[in-house]
Amino acid sequence: MIDDMMEKGLNTYDRVMNIVLGHAKVDQKQIEELMDKIAYHETDGTMRTDMHQYKGGPARGLFQYELKASKKTPKASGHGRTAMNRLYSVLGGVLPSKGGKPASDPINMPDWMEPYFKRNRYGAYEASGDVDFSKLTGEQQRTIFLADKLKTKGAIPSIGMDKDSKWWSIYHQKGDSNIKDFEEDSGRYSFQKHRLKALENAYYRIYK
């Protein structure tokens, strides 16, 4: 499947979206609408790609993926790194692991992923460093989000099968969550979505 998509000249986002659509029960528009609702909620209505969690927390970017644990934030999940590794896998790569499959490179890994992986002494890529989503573009963040959910059991087929707030709570927040707040933000997003998309695009042009 990945080879076919590479032959068609699709960018990484479209390649991953095509895989998602092979598992989803809804169309691309509905998937992207869900991503935008989550981004709106997670960024406190700003849609800023470089969003940092308030009060020095470890979450970053449109979807507030967390950095690795540190002295400052010892309970951070490091899920930003996990999600990047999952994109590596979705693109056909296998990272070295004890007793696992032989390591192999992903097919046509984009340049923007390369700083997060390095060659080891055996010539195989391995994960390198943390992943700060606030340093990635909106499209890059959405690409990783989709790959992360492809590797989250049941996430993609469940899109559109229940309320968006419930999906967010189960497959993204994965913990204590305020569904009422998410639903209120979803309503605000739906009312403002055209203006917000224009603002996100303008912010990218100015600051990136």
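Predicted model, so just to flag it, every value in this text is computed and none were measured.

**Some points on helix α4 (residues 79-90)**
Argument step 1. In a regular helix each residue adds 1.5 Å, so twelve residues correspond to 16 Å; α4 covers 16 Å between its end C-alpha atoms and thus fits that length.
Argument step 2. Those residues of α4 that fall on the buried side of the exposure criterion are His-79, Gly-80, Arg-81, Ala-83, Met-84, Leu-87, Tyr-88 and Val-90.

**Considering the nonpolar core**
Argument step 1. Core analysis: the largest hydrophobic core is formed by 45 residues, its most contacted members being Met-113, Phe-117 and Leu-146.
Argument step 2. With six residues, helix α3 (residues 28-42) is the single largest residue contributor to this core.
Argument step 3. For Phe-117, the contacting residues outside a window of four places in its chain are Arg-81, Met-84, Asn-85, Tyr-88, Leu-95, Met-109, Tyr-125, Glu-126, Ala-127 and Ser-128.

**Focus: the packing of aromatic side chains**
Argument step 1. Counting across every chain of the model gives eight aromatic pairs.
Argument step 2. Joined through ring pairs, the aromatic side chains of Phe-63, Phe-145, Trp-167 and Tyr-171 make up one cluster.
Argument step 3. In this structure, Arg-81 packs its charged tip against the face of Phe-117, placed 4.9 Å from the ring centre.

**Digging into the pattern of salt bridges**
Argument step 1. Applying the stated rule across the entire model yields ten salt bridges.
Argument step 2. For Asp-36, the salt bridge goes to Arg-142, with nearest N and O atoms at 2.9 Å. Here Asp-36, found in helix α3, pairs with Arg-142, found in helix α5 (residues 138-150); they are 106 residues apart in sequence, far enough to count as distant. No difference in accessibility class separates Asp-36 from Arg-142, as the two residues are buried.
Argument step 3. The salt bridge partner of Arg-86 is Asp-148, with a shortest N-O separation of 2.6 Å. Of the two residues, Arg-86 sits in helix α4 while Asp-148 sits in helix α5, which places them 62 residues apart along the sequence.
Argument step 4. A relative accessible area of 0% places Asp-148 in the buried class.
Argument step 5. One network of salt bridges, with partners in common, ties together Arg-86, Asp-148 and Lys-149.

**A few points about unusual backbone geometry**
Argument step 1. For Asp-44, which is not a glycine, the phi torsion comes out positive at approximately 60 degrees.
Argument step 2. The topology assignment puts Asp-44 in the loop between α3 and β1 (59-60).
Argument step 3. Even without being glycine, Gln-64 reaches a positive phi, approximately 55 degrees.
Argument step 4. Among the structural elements, Gln-64 can be located in the loop between β1 and β2 (65-66).
Argument step 5. Residue classification places Gln-64 among the buried residues on the basis of a relative accessible area of 13%.

Parameters and conventions
Residues numbered from 1 in each chain as written. Predicted model: local features only at pLDDT ≥ 70, side-chain atom pairs only at ≥ 80, totals over all residues. Heavy atoms only, no water. Helix = DSSP H or I, 4+ residues; strand = E, 2+ residues; numbered from the N terminus. Expected span 1.5 Å × (residues − 1). Buried < 20%, exposed > 50% of the residue type's maximum accessible area, 1.4 Å probe, protein only. Core = buried A, V, L, I, M, F, W, Y, C linked by side-chain atoms within 4.5 Å. Contact = heavy atoms within 4.5 Å. Phe/Tyr/Trp six-rings, centres within 6.5 Å; stacked < 30°, edge-to-face > 60°. Lys NZ or Arg CZ within 6 Å of the ring centre and 35° of its normal. Salt bridge = Lys/Arg side-chain N within 4 Å of Asp/Glu carboxyl O.

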